[in-house]
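Working through the structure, step by step
Below, each chain spelled out in residue letters.
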Amino acid sequence: MKKFCKYLTCIARLAILLSAFIVVNSVSAQWLLIPMEHGKQTNHLKAYGLTYWALEVPREYRCYWWLNYRGGAFVLPDSEDVRVRAALMGVRFEPLSDAAYTEIKASVLEGSNMDEILLEKAPKVAVYAPPEASAYRDPWDDAVKIALDYAQIPYDEIWDKEVQSGVLETAGYDWLHLHHEDFTGQHGKFHASFSTQVWYQQRMLMFEEAASEAGFKRVAQHKGQTAQMIADYIINGGFIFAMCSAPETLDIALATRGGAVDIVASELDGTPIAGDAEARLDFQRTLAFENFSLYTSPYRYEFSDIDNPNPDRDAQSGVEDFKLFEFAAKHDPIPTMLTQNHVSVVPGFLGQTTSFNLDKIRGSITILGQVEGTNYAKYIHGKLGKGTFTFLGGHDPEDYRHLVGEGTIPTNLDLHKHSPGYRLILNNILFPAARKKPQKT
């Protein structure tokens, strides 16, 4: 039976390749347009993976991103390998002759709110995560890793040891992802709910051992050093994308000067919280947030008043849905790239940090998406030195109320091929590929 199923699978793949070969040889074109508007693309998420693949060595094809045209369409060179790859990935494309391409390109360049972005290279991607070989793995999944795996985009996993060795710069990573992380040394604020659980105890032990091995007395100092080196990476031209608790805890760690100000309860690290901890926070060191107040009790799940803490929400109510702001493609290409989508309102989803209090966001930050009728931003972007950072609240765009322990059942993106929330993640992955100004010829 297994051999028969394997035989059928091979036959199906051959059929796909044959159909792709027939298309290649039956249509004369120079370009392939990958439509991205609602109802016209068979797999929105894998379209990003196809574009990334076209940019990779040894192909290094010249690809384009037509902002605000047909949902943020991609344009790839027409070749047999691109068509076969698209067929295998289930991505719909439309062949364009040179004449058709030139006509559409002119309308994009001349349009009031469209533009063309040249995609030059496949970004080298790193994901901050505990090593696979460690005794401990997080009992939750990572939406970005799910997106990368589904879109077939390669990435490396790195952790504190690698970050503190300077690998972000020496290995030439263009893009770093942070997910459900705690850079404050408070062990995820899980003490009240999970302190008796084996996974939590193993997690604490691993963090403490890693800190000691690196020469730090406290986990907060170890994680704080990582936070500072991530900030330095941005200053030197790196791009980061952070979700869930990572944006909030990264800035808290930076405000404590890398853990120098003790904000960790004695129940967690054996030392008391500094009596003047709040007064000693340095908001000049943070990336996006300022003037926030900390929740230092180990029995409270939230880290600070940056987050929207209301737990009484239902997926069907729509109260967490957020509206994407529209930007001028020619004047604000970066926020325009980051908000490309086939919808203007994205279904909401919760996380340890669900959304960001507008009163705590510094004025230089660009708000990309906001929960309508509230004082909370969901999606924000900022610059630091030569690089940028983008923060998205919530844990998993297709798992409304993600619970600890569900990591063994990761979201199946075959059921969510057109997820607007996952498209935002993938916008960020392709964003570093756009290194030059759009061509106007």
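Please read all numbers here as calculations on a predicted model, not as lab measurements. (Residues numbered from 1 in each chain as written. Predicted model: local features only at pLDDT ≥ 70, side-chain atom pairs only at ≥ 80, totals over all residues. Heavy atoms only, no water.)

1. Side note on the nonpolar core
Formally: We define a nonpolar core as any set of buried Ala, Val, Leu, Ile, Met, Phe, Trp, Tyr and Cys residues linked to one another through side-chain atoms lying within 4.5 Å. Residue exposure (1.4 Å probe, protein chains only): buried if accessible area is under 20% of the type maximum, exposed if over 50%, otherwise partly exposed. Helix and strand assignments follow DSSP, with helices taken as H or I runs no shorter than four residues and strands as E runs no shorter than two, numbered in order from the N terminus. Contacts between residues were defined by any pair of non-hydrogen atoms, one from each residue, lying within 4.5 Å.
By size, the foremost hydrophobic cluster in this structure holds 62 residues, and its most contacted members are Ile34, Trp65, Leu119, Met243 and Ile425. The element best represented in this core is helix α2 (residues 44-55), accounting for eight residues. With near-sequence residues (within four places) excluded, Ile34 lies in contact with Gln41, Ala47, Leu50, Ala73, Phe74, Leu76, Val91, Arg92 and Phe93. Membership of the second largest hydrophobic core comes to 58 residues, among which are Ala126, Ala242, Phe283 and Ile367.

2. As for the confidence of the model for the protein
The predicted coordinates ought not to be read in detail in places where the model reports low pLDDT. The criterion, for reference: The quantity called pLDDT is the predictor's confidence in a given residue, expressed from 0 to 100.
Per-residue pLDDT for the protein has a mean of 89; in total, 88% of the residues score no lower than 70. This stretch, residues 1-12, has a pLDDT under 50; its non-local contacts, to residues over four places away or in other chains, come to zero contacts. Contacts for the low-pLDDT stretch residues 14-26, under 50 throughout, to residues beyond four places or in other chains number twelve contacts.

3. A word on the pairing of strand β15 (residues 387-392)
This is how the line gets drawn: Strands qualify as paired when DSSP identifies two bridges or more between them.
Extensive coverage of β15 is indicated by the burial of six of its six residues. Judged by which residues are buried, β15 turns out to be covered on both faces: Gly387, Phe389 and Phe391 on one side and Thr388, Thr390 and Leu392 on the other are all buried. Sheet analysis places strand β14 (residues 376-384) next to β15, joined by six bridges and oriented antiparallel. Note on β15: the bridge partner recorded for Ile380 is Phe391. Counting the residues between successive antiparallel strands, the hairpin from β14 to β15 contains two residues, one of them, Gly385, with a positive phi of roughly 60°.

4. Observations regarding empty space enclosed by the protein
What counts, and what does not: Only protein atoms enter the 1 Å grid, on which a cavity is a set of points fitting a 1.4 Å probe that cannot get out and a pocket is an open set with protein on both sides within 12 Å along at least 5 of 7 lines, lining residues being those with an atom within 4 Å of a point. Grid points are joined across faces, edges and corners, and a volume is the space filled by probe spheres set on the points. For this scheme, ten residues count as nonpolar: Ala, Val, Leu, Ile, Met, Phe, Trp, Tyr, Cys and Pro. Four count as charged, namely Asp, Glu, Lys and Arg, and the remainder, Gly too, count as polar.
Here the structure, examined in full by the defined rule, presents one cavity of 30 Å³ or more. Computed from the structure, the largest cavity encloses a volume of approximately 60 Å³. Contributing to the lining of the largest cavity are ten residues, with Glu181, Asp182, Arg203, Phe207 and Lys223 lying nearest its centre. A per-class count over the lining of the largest cavity returns four nonpolar, one polar and five charged.

5. Topic: the sheet that holds strand β5 (residues 115-119)
Put simply, the rule is: Inter-axis angles, ranging from 0 to 180 degrees, are taken between N-to-C directions of lines fitted to C-alpha atoms, where helices are fitted over the stretch in contact.
Taken together, five strands build an open sheet; the order of strands is β4-β1-β3-β2-β5 and the sheet is antiparallel. This sheet does not close on itself; its edge strands, each paired only once, are β4 (94-96) and β5. Shown here is a sheet whose adjacent strand axes are inclined to one another by a mean of 25°, direction ignored. Along the sheet, helix α4 (residues 98-110) makes contact with β1 (31-34), β2 (63-67), β3 (73-77), β4 and β5, crossing β5 at roughly 115°.

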